[in-house]
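# Survey of secondary and tertiary structure
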Amino acid sequence: MNNKIAMSTLRGVSVNKSVDFAVECGFSGIEIQTDYLLEDVEEQNKSLEYAAKNGLTVSLHAPCGDINISALNRGIRRESVSQVKQAIDLAEVNGVRVVTFHPGRLSSARENIEDKWRVLLDAVYEIAEYAKEKKVYVAIENMEFRKKEVVYTVDDLNRFENIGENNPYFGVTLDFSHFATNKIYAPEISELKLPVYNVHLSQCVNRKPHCPLYEDGEIEINDIQKIIDACGYESVIVLELKSVFEKDIYIKSREFLLNS
């Protein structure tokens, strides 16, 4: 396997402690969720510099916890798009190649799904054009099965195909554990019409994502490795595990992937 193995930041601890943890566990990279960075921009830059000085390849995950780029409320929608753009700015300043972001979702189960898609497509187009201007790659992620999400499948991701025309900076983050929560265990990535710029990997157990990679679950890791290789992806694989501060889980998951 030619990919570098990264881990995502840990919830509940500082980004710098997550960096230390990644190094101690033998990872070659880290995906920093920008929600967890301090508010001061100078401090944000220092955290990314700290990761780089420790030899880690850095990618970013734009804020996702309290935002919704297709929110029914226009103010929330504007702020959500703005925060994704801020993550792109941070990447540009620090030489980070890829920013992953979540698609929008329904604000209410009563919303018309096709009306929501029109709002979502407009928001993603705005983000993609901004990324093109800044020369930062952005990758929209397929989501896990839960209420109000709308982007689950390869076909859903393909609805953004037109946004990728004449914009080489727009692609996707494939989360195979998210696919599995939707009972998609071997997604037809050959049918994907956008480039793959990031990969998230974890085990899915009883339709619960982000479990340790070595546990018995719905995903056959060797099959996923073949899918990743077949689509020509040779960059970072991010282990996105449940937010625990237990080295054995991360070390064993990393070694399991390397030995698969």
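Structure first, text after, so check above.
Everything numeric in this text was worked out from a predicted model, so none of it was measured.

Next up on the list: the nonpolar core. Counting 76 residues, the largest nonpolar core has F101, F160, F170 and F176 as its most contacted members. Per element, the largest residue contribution to this core is eight residues, and it comes from helix 4 (residues 113-134). With residues up to four places along the chain from it excluded, the contact list for F176 reads P187, I189, V199, H200, L201, I219, I224, I227 and I228.

What follows is about the pairing of strand 2 (residues 29-33). For strand 2, the tally of buried residues reaches five of five residues, placing the bulk of the element in the interior. Sheet analysis places strand 1 (residues 5-8) next to strand 2, joined by three bridges and oriented parallel. Among the inter-strand pairings, A6 is bridged to a residue of strand 2, identified as G29. By the bridge criterion, five bridges tie strand 2 to strand 3 (residues 57-61) in an arrangement that is parallel. Considered in strand 3, the bridge of Q33 is made with H61. Traced from strand 2 through helix 2 (residues 41-53) to strand 3, the parallel crossover comes out right-handed.

Looking now at the pattern of salt bridges. Oppositely charged side chains can pair when the atoms bearing their charge come close. This structure, assessed with the given rule, holds 10 salt bridges. K85 is the partner of E126 in a salt bridge, and the nearest nitrogen-oxygen pair spans 2.7 Å. In this pair, E126 is assigned in helix 4 and K85 in helix 3 (residues 74-94), connecting sequence segments 41 residues apart. Because the salt bridges share partners, they merge into one network encompassing D89, E92 and K134.

Where helix 1 (residues 15-24) contacts helix 2, the axes come no closer than 9 Å and their chain directions differ by 10 degrees. One finds that helix 1 runs roughly parallel with respect to helix 2. Side by side, helix 1 and helix 2 meet where V15, N16, V19 and D20 of the first sit next to S47, Y50 and A51 of the second. Of the residues belonging to the contact of helix 1 with helix 2, the class tally is four nonpolar, two polar and one charged.

Attention now moves to the packing of helix 3 against helix 4. Orientation of helix 3 relative to helix 4, taken along the N-to-C sense of each, is 20 degrees, at an axis distance of 10 Å. Taken together, the axes of helix 3 and helix 4 are roughly parallel relative to one another. Handedness of the helix 3/helix 4 crossing: right-handed. Contact with helix 3, carried on its side by R77, V81, V84, K85, I88, D89 and E92, involves V119, A123, E126, I127, Y130, A131 and K134 of helix 4 and no other residues of that element. Here the residues of the contact of helix 3 with helix 4 sort into eight nonpolar, no polar and six charged.

Over its 13 residues, helix 2 runs 18 Å from end to end, which matches the ideal 18 Å to within 8%, given 1.5 Å per residue. Taken as a whole, helix 2 has its buried residues at Q44, N45, S47, L48 and A51. For helix 2, the arc enclosing every buried residue in end-on projection is 155 degrees, short of the 170-degree limit, so these residues lie on one face. Seen from the buried face of helix 2, the exposed residues on the opposite side, beyond 90 degrees, are E42 and K53.

Turning our eyes to something else, we now look at the sheet that holds strand 2. Two strands in a sheet stick together by hydrogen bonds in their backbones, pointing the same way (parallel) or opposite ways (antiparallel). Spatial ordering of the closed barrel is given by 1-2-3-4-5-6-7-10, a layout of eight strands whose pairing is parallel. Ignoring which end each strand starts from, the neighbouring axes of this sheet average 30 degrees apart. In this sheet, strand 4 (residues 98-101) lies alongside strand 3 in parallel orientation, the contact comprising two bridges. Bridging from a neighbouring strand, H61 pairs with T100 of strand 4. Sheet strands touched by helix 1: strand 1 and strand 2. Its angle to strand 2, the strand with the most contacts, is close to 160 degrees.

Where strand 8 (residues 203-205) meets strand 9 (residues 208-211), two bridges bridge the pair, whose relative direction is antiparallel. Each residue of the ladder has a partner; that of Q203, found in strand 9, is C211.

Procedures and definitions
- Residues numbered from 1 in each chain as written.
- Predicted model: local features only at pLDDT ≥ 70, side-chain atom pairs only at ≥ 80, totals over all residues.
- Heavy atoms only, no water.
- Core = buried A, V, L, I, M, F, W, Y, C linked by side-chain atoms within 4.5 Å.
- Buried < 20%, exposed > 50% of the residue type's maximum accessible area, 1.4 Å probe, protein only.
- Helix = DSSP H or I, 4+ residues; strand = E, 2+ residues; numbered from the N terminus.
- Contact = heavy atoms within 4.5 Å.
- Pairing = 2+ DSSP bridges.
- Right-handed = clockwise from strand over helix to strand, strands pointing away.
- Salt bridge = Lys/Arg side-chain N within 4 Å of Asp/Glu carboxyl O.
- Axes fitted to C-alpha atoms, helices over the stretch in contact; angles between N-to-C directions.
- Parallel < 35°, antiparallel > 145°, perpendicular 65-115°, else oblique.
- Nonpolar A, V, L, I, M, F, W, Y, C, P; charged D, E, K, R; others polar.
- Left-handed = near helix turned anticlockwise from the far one by under 90°.
- Expected span 1.5 Å × (residues − 1).
- Arc of directions from axis to C-beta.

Honestly, it's all geometry; don't read function into it.
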